Structures are given as C-alpha cells and as structure tokens.
Amino acid sequence: VTSPCKILKCNSEFWAATSGSHHLGAEEAPEFCTALRAYAHCTRRTARTCRGDLAYHSAVHGIDDLMVQHNCSKDGPTSQPRLRTLPPGDSQERSDSPEICHYEKSFHKHSATPNYTHCGLFGDPHLRTFTDTFQTCKVQGAWPLIDNNYLNVQVTNTPVLPGSSATATSKLTIIFKSFQECVDQKVYQAEMDELPAAFVDGSKNGGDKHGANSLKITEKVSGQHIEIQAKYIGTTIVVRQVGRYLTFAVRMPEEVVNAVEDRDSQGLYLCLRGCPLNQQIDFQAIRSAQATEGRARRKGPSLPAPPEAFTYETATAKCREKLPVEDLYFQSCVFDLLTTGDVNFMLAAYYAFEDVKMLHSNKDKLHLYERTRVLTPGNAAPTGTHPTLWVALLCLCWLCLL
C-alpha cells in the first residue's frame, strides 16, 4: 500500500527549479516567485491526500513565509523556470561549524559525558523505548514516535496483508526544527520503495546557516540504509528499508529526549511513553499458544495445516540463523514470521539488533528478555509452578510434621 500524497514530488520540483536562486540578483526575483506559485499550486492539487502529512503542512507554511519574504504575489504565472545548478562554494560544501553546533562541546564542556538513550521500531511493529521497555503494538495509521523541542518523528503503519491485524511501517517523516545559527528547518521523508539520501528539498545538510554541516545525511547502502547525524543535538538516526517496510533507530541524549515544553504532550510520544495499553499486543502469549498448537499438530494428524508459510518449528530455526540468542528480538522474529510468512521480517529483527549494538550506550542492556508477568485471576502460569503454590505446599508440610 503506497500513500497517494505527492508532497515529495512537489518539493523536489521546487528544489530543482530554484537551486541556487538565493545567489540570484534582484532582477531575477520574479522567476523565484513563479516557482513559488507553481509549488503552491502543486501542494493544493495534493491537499486532499496529504491531510495528516507533517511534510505537507511544513511545506505549506514554508511557502507562505517565502511569499512574504520575497514580496511575491499569489496571482501570476506558474510555469516552471529553467533548471539551475548549485554554484561553487554553496553551503553543501561547508566543513566549518561553530562550537554551539556540537552538542558535546557546547553543553558538556566541563561536565561528564551525556547519558545517551536508544529507541527503535521494526517489524510488526515492535517498539523499544528510551527506557528499554519492549512492546509489540498495533498502532495502525499515523503515530508520533518523538516530539520534542528539536525534532518530530512520525510513522505510518499499514496492514501487511488485506484484512490482517499485522502492520508494519510504510512511511516515516522526520522534521528537524530550525536551531540558532546551526541549521534551518529540514524535513526527511521515506516511504515504501523510496528511501531518499537527501531531505525533501534535495539538500543533504542543514541549509544555509554557518553550522549547516552539524546536520548531515549519509547513504550507507543505496535504497536500503541511510544515517542522519545531528551533531548539534548529539543525535544519530538510522533508517532502513528491509523488504518493503521501514525500520527506525535513534541514539539521543537524555537532555534532548526530555526537552518538551508541554509535559502533558509527552503522553503522545511513543519512544518515551510506549504504546497505549489498548494498542499493545501480548505476542509472548500468542507465541506460547502457537508453540502448543505446533506440538498438538505433531501428536495428532486431525488438525489442519496452517495457511502461513512457516510453522513454529521452521520459524524458530530460521530466526536462529541470524539471532542465536533467544531474547525478545529473536521472539519477535518468530512472531513476525508466523503472522506474515515474510522472511524479510527476520532481517528486520536482525538489523534492529545490529542498530542497538551500534547505538545503545550500555552494552549490558543490548539483549532484553521476557520479564515475569504478574498473574491475574483466570490466567495460568506459562511454565513451571507459581511461587505462591510452593509457599502453600511448604506450610502444609510443616503442619504435617507437627
């Protein structure tokens, strides 16, 4: 399923038409206004399909600001001006940055190294929060992963198969807010089968400001893996396309994580607060049921074969090829293969763990394991005997001895 919103096309057309226009003389301002009106016309054509798109709303506000700055009339020609190339000495080539645009140098000159945290989203989808809580969620549609004073990250999750409850990330939007003399506002957007190595305006750094290179995009594997370094906030973001779907991972200082003016809004911030309870899935209970069903199928041939490509045994064996430690990443892999039948979800779990190894500051917390769950009436313990029963049995033995 692909989004019909065409804001990326509008952005790239405007960038192609006006690249280098900030170096033009005043006599060519009408040409810039023509491109700006064409840009506005393009956004209006796609408005209906972009209603919840952060990049779209950012573009609309940006157009209004540019119209005012360049004294452009909203009425006039909208034909595309000629294509321009970046002149020598453009901000893309800058290597210098003021100290304030390097987080560790500016904010922690005389103190200890900042405490870095990690958040990741992958697969069906599975979320690892900044507090190392691991959840499996439904979260179909658009949801905010991060929303603080420096950046916004929003993901859109769509069903893997028609009518399926399994969802995966099909779209990702990251907005880096303008910051002092370091960076202009920049928007990055990726969708299924489209993982750009540039921001939506075609640039690969923070724009025209003196510290532009404190925000950079690097393409690691074409169409599959990009990395964004935001040194001015000490943040690293990794975005991958695995199969048809996207994965997200971030390393961010605690100070930046908690930089939210309205504390109440943090309830919508999934990387910090996790998914709402009504959106969480107990995939471990489902996994246990699937394993039990698999054993029952071996004992009696009367049960029908599953429609999916993997059985519990074959999914487990497949996941062990890339994830030898049976932690929550391994269990997520098994769950995803059973629910989707798509082997790319095994690779998504594998790369998610590889990103944890690269981004997490505490190497003792790389692996997460199933925590003991508090049992409620009507729920049976998944394995073994409940501790309360052992206490009752011991008391009974002492009474017998007396």
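Bear in mind that the values here come from a model prediction, so they are computed numbers and not experimental data. (Residues numbered from 1 in each chain as written. Predicted model: local features only at pLDDT ≥ 70, side-chain atom pairs only at ≥ 80, totals over all residues. Heavy atoms only, no water.)

Asker: Help me understand the packing of aromatic side chains, please; the structure alone is not making it clear to me.
Answerer: Pairs of aromatic rings are described using the distance from one ring centre to the other and the angle between the two planes. Summed over the entire model, instances satisfying the criterion amount to 12 aromatic pairs. Pairwise contacts between aromatic rings join Phe122, Phe134, Tyr329 and Phe353 into one cluster. The ring of tyrosine 116 carries arginine 251 above its face, with NZ or CZ at 3.7 Å from the centroid. In this structure, lysine 322 is placed above the aromatic ring of tyrosine 350, and the distance from its NZ or CZ to the ring centre is 4.7 Å. (Phe/Tyr/Trp six-rings, centres within 6.5 Å; stacked < 30°, edge-to-face > 60°. Lys NZ or Arg CZ within 6 Å of the ring centre and 35° of its normal.)

Asker: Help me out: how do you make sense of the packing of helix H8 (residues 312-322) against helix H9 (residues 328-340) in this one?
Answerer: When two helices pack together, their arrangement is given by the angle between the helix axes and by the axis-to-axis distance. Relative to each other, H8 and H9 sit at 135 degrees, their axes nearing to 9 Å. In terms of axis orientation, H8 runs oblique to H9. Between H8 and H9 the crossing geometry is right-handed. Two secondary-structure elements touch here, H8 through Tyr312, Ala315, Thr316, Lys318, Cys319 and Arg320 and H9 through Phe330, Cys333, Val334, Leu337 and Leu338. Looking at the contact of H8 with H9, its residues break down into 8 nonpolar, 1 polar and 2 charged. (Axes fitted to C-alpha atoms, helices over the stretch in contact; angles between N-to-C directions. Helix = DSSP H or I, 4+ residues; strand = E, 2+ residues; numbered from the N terminus. Parallel < 35°, antiparallel > 145°, perpendicular 65-115°, else oblique. Left-handed = near helix turned anticlockwise from the far one by under 90°. Contact = heavy atoms within 4.5 Å. Nonpolar A, V, L, I, M, F, W, Y, C, P; charged D, E, K, R; others polar.)

Asker: Would you mind going over the pattern of salt bridges with me for this structure?
Answerer: Between side chains of opposite charge, a pair can form when the charged atoms approach closely. One pass over the full model with this rule turns up 7 salt bridges. Across the pair lysine 171 and aspartate 53 runs a salt bridge, and its minimum N-O distance is 2.2 Å. Of this pair, lysine 171 sits in strand S6 (residues 167-176) while aspartate 53 sits in the loop between helix H2 (29-45) and helix H3 (54-69), and the two are 118 residues apart along the sequence. Comparing lysine 171 with aspartate 53 shows no difference in burial state: the two are buried. (Salt bridge = Lys/Arg side-chain N within 4 Å of Asp/Glu carboxyl O. Buried < 20%, exposed > 50% of the residue type's maximum accessible area, 1.4 Å probe, protein only.)

Asker: Help me out: how do you make sense of the pairing of strand S10 (residues 235-242) in this one?
Answerer: Most of S10 sits inside the fold, with 8 of its 8 residues counted as buried. Along S10, one buried face is formed by Thr235, Ile237, Val239 and Gln241 and the opposite face, lined by Thr236, Val238, Arg240 and Val242, is buried too. Sheet topology note: the strand S9 (residues 225-230)/S10 ladder contains 6 bridges and is antiparallel. When the bridges of S10 are listed, glutamate 227 appears paired with valine 238. Once S9 ends, the chain turns through 4 residues before running back antiparallel as S10, passing glycine 234 with a positive phi of about 60 degrees. Where S10 and strand S11 (residues 245-253) come together, 7 bridges link them in antiparallel fashion. Pairing of threonine 236 across the sheet is with arginine 251, part of S11. Where S10 folds back on S11, the antiparallel hairpin that results is connected by 2 residues, among which glycine 243 adopts a positive phi of roughly 70 degrees. (Pairing = 2+ DSSP bridges.)

Asker: What should I look at first to understand the sheet that holds strand S4 (residues 141-147) in this one?
Answerer: Strand pairing within a sheet occurs via backbone hydrogen bonds; the two strands may be parallel or antiparallel. Judged by pairing direction, the sheet is antiparallel, and its 4 strands sit side by side in the order S4-S5-S6-S7 without closing on themselves. Strand pairing shows two members of the sheet lacking a second neighbour, S4 and strand S7 (186-191), which therefore form its edges. Pairs of neighbouring strands in the sheet enclose a mean axial angle of 20 degrees, with direction left out of account. Strand direction decides the pairing type here: S4 and strand S5 (residues 151-159), joined by 6 bridges, are antiparallel. From the neighbouring strand, alanine 142 faces S5, where its bridge partner is threonine 156. Packed on one face of the sheet, H3 meets S5, S6 and S7 and runs near 25 degrees to S6.

Asker: Even after reading the chapter, I still don't get the nonpolar core, so can you show me in this structure?
Answerer: Generally speaking, soluble globular proteins have nonpolar side chains that are buried together. Of all hydrophobic cores here, the largest spans 46 residues; its most connected members are Phe130, Leu145, Ile146, Ile174, Phe176, Tyr232 and Phe248. When neighbours within four sequence positions are excluded, phenylalanine 248 is seen to be in contact with Cys119, Gly120, Leu121, Leu145, Ile146, Val153, Leu172, Ile174, Ile237, Val238 and Val239. Membership of the second largest hydrophobic core comes to 23 residues, among which are Ala40, Tyr56, Met67 and Cys72. (Core = buried A, V, L, I, M, F, W, Y, C linked by side-chain atoms within 4.5 Å.)

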